[in-house]
Amino acid sequence: LAGAAGVVLGLRDDVRRALDDRERRQLLRIRGTALVLVFAAAVGFAATAGRGAVWPLAIYFAFVSSLAGVYLGWLPKVVERRYLADAGGDAEGARQRLRERRLRTFFGWLGGAVAGGAGLLAGLYAAGQLTHF
């Protein structure tokens, strides 16, 4: 539930500030894709509980890799037109702001991936699953 809330709240400002209907639709597609990823990972974790560490680790790797593609690849392409429009003709300034956003997004993704991975490993260790490969 917290992951889904993070997706919805994290994209809320972008959806609200969308340049036009085209951008809004694309952002809603991104949000829907990210929500599917969150729920698919949750189902995968539940389905593999107690079966060793390989499947949960594989699911987690696929999950964070997919989120990287969505937030570091797809999302910047969607919002680029708005950044250019907001810059009022200053294309280099818009590109710089987009680079800064990508960097902040990367570090947010990295922090979440490390914290989530640490939590997964701690949970697997506490459940005695790290010895079952």
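Along every chain, residues carry numbers that run from 1 in the direction the sequence is written. Restriction of local features to residues with pLDDT of at least 70 applies here, the model being predicted, together with a cutoff of 80 or more for giving and counting side-chain atom pairs; totals for whole chains, interfaces and linings are based on all residues. The side-chain numbers reported here are obtained from all heavy atoms of the structure, hydrogens and water having been left aside.

**A short note on the packing of helix α1 (residues 2–16) against helix α3 (residues 54–86)**
Consideration 1: Look at α1 against α3: their axes get within 12 Å of each other, and the N-to-C directions meet at 20°. By the criterion of interaxial angle, the relationship of α1 to α3 is roughly parallel. Along this stretch, α1 crosses α3, giving a crossing that reads as right-handed. In contact with V7, L11 and D14 of α1, α3 contributes Y71, L75, V79 and R82.
Consideration 2: Gly counts as polar in this scheme, as do all residues outside two lists: the nonpolar Ala, Val, Leu, Ile, Met, Phe, Trp, Tyr, Cys and Pro, and the charged Asp, Glu, Lys and Arg. Per-class residue counts for the contact of α1 with α3 are five nonpolar, no polar and two charged. Lines are fitted to the C-alpha atoms to define the axes, a helix being fitted only along its stretch in contact, and any angle between axes, read from their N-to-C directions, falls within 0 to 180 degrees. Helix numbers and strand numbers start at the N terminus; a helix is a DSSP run of H or I with at least 4 residues, a strand a run of E with at least 2. The cut-offs work like this: below 35 degrees is roughly parallel, past 145 is roughly antiparallel, 65 to 115 is roughly perpendicular, and the gaps in between are oblique. Working rule for handedness: look at the near helix, and if it is turned counterclockwise from the far one by less than a right angle, call the crossing left-handed; if clockwise, right-handed. A contact between two residues is defined here by any heavy atoms of the two lying within 4.5 Å.

**Comments concerning α3**
Consideration 1: One less than the number of residues in a helix, times 1.5 Å, gives the span that helix is expected to have. Spanning 33 residues, α3 covers 46 Å between terminal C-alpha atoms, matching the ideal 48 Å at 1.5 Å per step.
Consideration 2: To get the bend at any residue, fit one axis to the seven residues that end at it and another to the seven that begin at it, then take the angle between the two axes. In α3, a bend of some 40° at P76 exceeds every other bend along the element.
Consideration 3: Positioned one or two residues after α3, G88 has a phi angle of 60°, which is positive.

**Regarding the side chain of E23**
Consideration 1: Of note, E23 is situated in helix α2 (residues 21–48).
Consideration 2: Working definition: with a 1.4 Å probe on protein chains only, accessible area under 20% of the residue-type maximum means buried, over 50% means exposed, and in between means partly exposed. Looking at E23, the relative accessible area reads 0%, which means it is buried.
Consideration 3: Reaching out from E23, the side chain makes a polar contact with the backbone nitrogen of L19 at a distance of 2.9 Å. Counting of polar contacts relies on pairs of N or O atoms within 3.5 Å, with two restrictions inside protein: one atom must be capable of donating a hydrogen and the other of accepting it, and residues adjacent in sequence are counted only when both atoms are side-chain atoms.

**Quick look at the confidence of the model for the protein**
Consideration 1: You can read pLDDT as the predictor saying how much it trusts each residue, on a scale of 0 to 100. The predicted model of the protein averages 94 in pLDDT, with 98% of residues at 70 or higher.
Consideration 2: No element of the protein has a lower mean pLDDT than α1, which averages 93, and none a higher one than α2, which averages 97.

**A word on the environment of V78**
Consideration 1: Mapped onto the secondary structure, V78 falls in helix α3.
Consideration 2: In the structure, V78 is positioned 18 residues away from Y60 in sequence and 26 Å away in space, judged by C-alpha atoms.
Consideration 3: The contact partners of V78, leaving out residues within four places of it in the chain, are E23, Q26, L27 and I30.

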